[in-house]
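An overview of the molecular structure
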Amino acid sequence: MCGIIGVVGSSDTLSTLLEGLQRLEYRGYDSAGVALVRPGQTWRARAADGTQSVAALRLECEHAPSGFSSGIGHTRWATHGAPEAVNAHPHLDCSGNIAIIHNGIIENHSELQEQLESRGHVFTSVTDSEVLAHLIEEERAKGLELIDAVRQSLLIVRGAFALAVMDANEPDVIVAARRISPLVVGTSPGVTYLASDIPAILDKADVFYAVNDDEVVRLAPEGFRAVDLEGAPVRLHQLQIDWDLETAEKGGYDDFMTKEINEQPDALRATLLDRRHSDGTITFDELRISDQELREVKRVVLVAAGTSHHAAQVAKYAIERWASVSVEVDIASEYRYRDPIVEVGTLVIGVSQSGETIDTIMAIREAQRRGARVVAISNIVDSSLAREADAVIYTRAGLEVSVASTKAFVAQVAALELFALRLAQLRQTLAPSDIDALFQGLNAVSAQVAKTLTRRGDYESVAEQLLNTRDFFFLGRHVGFPTALEGALKLKELSYLHAEGYPAGELKHGPLALIEPGVVVVAITTDPNMHEKILSNLAEVKARGATVVAVATDDDEKIAAVADFVFRVPATEPMFTPMIDVVPLQIFAYAIARGLKHEIDRPRNLAKTVTVE
Ligand code: M6R
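Residues numbered from 1 in each chain as written. Predicted model: local features only at pLDDT ≥ 70, side-chain atom pairs only at ≥ 80, totals over all residues. Heavy atoms only, no water.

1. Brief notes about the pattern of salt bridges
A full pass over the atoms with the stated rule returns 37 salt bridges. Residues Lys490 and Glu486 are paired through a salt bridge, measuring 2.5 Å at the closest nitrogen-oxygen approach. In this pair, Lys490 and Glu486 are both assigned in helix H17 (residues 480-495), four residues apart and thus about one turn of the helix distant. Comparing Lys490 with Glu486 shows no difference in burial state: the two are buried. (Salt bridge = Lys/Arg side-chain N within 4 Å of Asp/Glu carboxyl O. Helix = DSSP H or I, 4+ residues; strand = E, 2+ residues; numbered from the N terminus. Buried < 20%, exposed > 50% of the residue type's maximum accessible area, 1.4 Å probe, protein only.)

This is how it looks when you write it as structure tokens:
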């Protein structure tokens, strides 16, 4: 999740790049950089200053030489290598002539770097991206044109990329390419642009084109030509853009929440990318706790707030089942006030999208004071939580702007379940073939979420019919219970209606007294192991007059007999269902709030990050 921009043929190259980077800051901001290229000279500036990196870069650029009509710029969301200037893009090859910017992850970077170093290349950063500069350098040394050198290099690269490359020996040309990570090209008379997102160049270019996976584009002032990785010409699809700048920042969506709901497949893909070696070992590059320590863990305590707490609750089921370690989940704001027991072998995991939630930070400080080893699950690189913990696993959901958390939740569940598989691998509590099957299943969730998103209209039409409801109960069993809690929280914070999440089995112990005509019960029924039981619970609420909405799998033929409305979703391994089942619940909450004409991205009384107790 980084922002990239490039321009060729411009009379105000540097200001175009800096303005574009400012608009791309929401994609990452832990460092930023630009490279300007003219015949025989590449000039580069980089800066890392937390959320102020683009501002710091502006200062670095105050004394930039003039007369450059081409350049590239990057704002970084660190994945490999600390967020420091030395790791900021652009990266250069050994000669200093070739400059590259990259958004994505090069999965086979370690082996490529080893090979390149053995051939004499010198690396100056600890990023995965720098290998691209050196690979292209080798291809250029064979006499290839820049576009062919890039193409050849990409044939041996695995992973995701949107990249842009310049070479002082072929000035006024940028070569850009894409696989998975977004990339657009824009043109205006005599100037050609590229960017990861349209907002960066919306006020500069007149016509916009989408670059597809495995396409390589050569940009020059007079226009561009595109080829596939084999060198065969391809036509880029022209985009219809009728947005203003503000809408464009939301990717054309009405609000950030819709954009972020739609980004969930990408959030999952990015979070799981590059997490397993070819020998099957699950790895977290950012995790600085030894395998031996993880093997010896006796108890895991997860601390978190709100949506992150629901993701932590899902993790409890996965860690206990797969790794046979006992798990407790604590509300972060309660943990430090209740004399928690920390014994040798207690691992505390703080889960937080922002990494700045005061309750979670105070909870991990208390755990550390009592001698626990602490892992942070954070979506923000170098957040306070990440810095204070002994180790960190980053979710890579990208910046989440809407107060109602959506893509962070699915990314947290994926990261935590992957961590559970790693524990199981180290402790040998699952057979390698089971771990393999679960890993494959986890990777397939992204596509299942994408399929679920295509049914948005079905979920919205149920919301329209239930717009006058005032009381909602969300029921689930096993991991369906935290999913129910998350569905209820989404509805509460967006619609300001009464919504409670309950374990379905607990209903008869009190809340059933509240069920009467007019109450809506939303139930998670996707786990085959829990199916019969939850159907009986639904029969009980229906008999008392409730309206029933069920989240059910495509192949569930029994559900129609008890449910008034059904949110159909693809079936998956039960442990993965929260990442899919939450999607209709997010859309449902959103649609009710829209129907009630509520502000979506900034619900009343709430802040994105809670930094006071
Ligand atoms: O940044 P964090 O994950 O630590 O935030 C925790 C909660 O404040 C957050 O999840 C909150 O509950 C959301 N508004 C829920 O949508």
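2. Thoughts on the site of the ligand
Near the ligand you find 14 residues, and of these Ser308, Ser352, Gln353, Thr357 and Glu493 are the closest. A distance of 2.6 Å is found between an oxygen atom of the ligand and a side-chain nitrogen or oxygen belonging to Ser352. Lys490 is positioned such that a nitrogen or oxygen atom in its side chain is 3.0 Å from an oxygen atom of the ligand. If you map the ligand onto the pockets, it falls in the second largest pocket. Secondary-structure elements contributing two or more residues to the shell around the ligand are helix H10 (306-323) and H17. (Near = heavy atom within 4 Å. Polar contact = N/O pair within 3.5 Å; in protein donor to acceptor, adjacent residues only side chain to side chain. 1 Å grid on protein atoms, 1.4 Å probe; cavity = no way out; pocket = protein on both sides within 12 Å on 5 of 7 lines; lining within 4 Å. Sits in = over half its atoms within 2 Å of the grid points.)

3. Concerning unusual backbone geometry
In this structure, the amide linkage connecting His89 to the following residue, Pro90, adopts the cis form with an omega of -5°. Structurally, Pro90 is set in the loop between strand E4 (70-76) and strand E5 (91-92). In this model, Asp172 sits at a positive phi of 60°, which is unusual for a non-glycine residue. The topology assignment puts Asp172 in the loop between strand E7 (159-167) and strand E8 (174-179). Given a relative accessible area of 28%, Asp172 falls into the partly exposed group. Despite not being glycine, Asp274 shows a phi value in the positive range, around 65°. With respect to the helices and strands, the residue Asp274 is situated in the loop between helix H8 (264-272) and helix H9 (291-295).

4. Quick notes on the environment of Leu416
Among the secondary structure elements, Leu416 is positioned in helix H14 (residues 407-427). Here the alpha-carbon distance between Leu416 and Ile349, two residues 67 residues apart in the chain, equals 9.6 Å. Among all residues touching Leu416, those that are not within four sequence positions of it are Leu302, Ala311, Ala312, Ala315, Ile349, Val351 and Ile377. (Contact = heavy atoms within 4.5 Å.)

5. A look at the layout of surface pockets
To locate leftover empty space, one rolls a probe as large as a water molecule over the atoms. Approximately 480 Å³ is the volume attributed to the second largest pocket. Along the walls of the second largest pocket sit 23 residues, with Ala305, Gly306, Thr307, Lys608 and Val610 positioned nearest its centre. Counting residues per element, the ones that place at least two in the lining of the second largest pocket are H10, strand E18 (346-352), helix H12 (358-369) and H17. Counting residues per element, the lining of the second largest pocket draws most heavily on H10, at three residues. Taken together, the residues that form the lining of the second largest pocket break down as seven nonpolar, twelve polar and four charged. (Points joined across faces, edges and corners; volume = space filled by probe spheres on them. Nonpolar A, V, L, I, M, F, W, Y, C, P; charged D, E, K, R; others polar.)

6. Concerning helix H2 (residues 53-60)
Along an α-helix, a turn takes 3.6 residues, which lines up residues three or four apart on a common side. Within H2, burial applies to Ser53, Val54, Ala56 and Leu57. Projected down its long axis, H2 carries its buried residues within an arc of 155°, all on one side. Structurally, H2 contributes buried residues whose contacts are with helix H1 (13-24), strand E2 (31-38), strand E3 (41-47) and E4. (Arc of directions from axis to C-beta.)

7. Regarding the sheet that holds strand E23 (residues 520-524)
Taken together, the five strands give an open sheet; going across it, the order is E22-E21-E23-E24-E25, and neighbouring strands pair in parallel fashion. Edge positions in the sheet fall to strand E22 (498-503) and strand E25 (565-569), since each has one partner strand and no second. Neighbour-to-neighbour, the strand axes of this sheet turn through a mean angle of 20°, independent of strand direction. Looking at chain direction, strand E24 (residues 547-553) and E25 are connected through five bridges and run parallel. If you follow Ala550 over to E25, its bridge partner there is Val566. Lying over the sheet, H17 contacts strand E21 (471-476), E22 and E23, oriented at roughly 175° with respect to E22. Contacts between helix H18 (residues 531-543) and the sheet are confined to E21, E23 and E24, with E23 contributing the most and set at about 175° to the helix. (Pairing = 2+ DSSP bridges. Axes fitted to C-alpha atoms, helices over the stretch in contact; angles between N-to-C directions.)

8. So, H17
Along its 16 residues, H17 runs 22 Å from first to last C-alpha, staying within 8% of the 22 Å computed at 1.5 Å per residue. A large share of H17 lies buried, amounting to 14 of its 16 residues. Following H17 by one or two positions, Tyr496 has its phi on the positive side, about 60°. (Expected span 1.5 Å × (residues − 1).)

9. Overview of the pairing of E4
E4 sits mainly inside the fold: seven of its seven residues count as buried. Neither face of E4 is open: one carries Ser70, Ile72, His74 and Arg76, the other Gly71, Gly73 and Thr75, and all of them are buried. Summarising the sheet, strand E1 (residues 3-8) and E4 pair through six bridges and their orientation is antiparallel. The partner of Gly6 across the bridge, within E4, is Ile72.

10. Some points on the side chain of Thr187
Mapped onto the fold, Thr187 is located in strand E9 (residues 184-188). A relative accessible area of 14% means that Thr187 is categorised as buried. Those residues within four positions of Thr187 in sequence are excluded, and the remaining contacts are Thr192, Ala205, Asp206, Val207, Tyr209 and Phe224.

11. Points about the domain arrangement of the protein chain
Taken as a whole, the protein chain is organised into domain 1 (3-249), domain 2 (259-449) and domain 3 (455-595). Every contact between the two is made by 15 residues of domain 1 and, on the other side, 13 residues of domain 2. Approximately 1300 Å² of surface area, both sides summed, lies buried where domain 1 meets domain 2, with 64% of it carried by carbon and sulfur atoms. Taken together, the links from domain 1 to domain 2 amount to one residue pair in polar contact (both at pLDDT 80 or more). Within the side of domain 1 that touches domain 2, the residues separate by chemical class into nine nonpolar, three polar and three charged. (Domains from an automatic or database assignment. Buried area = accessible area lost by both parts, 1.4 Å probe.)

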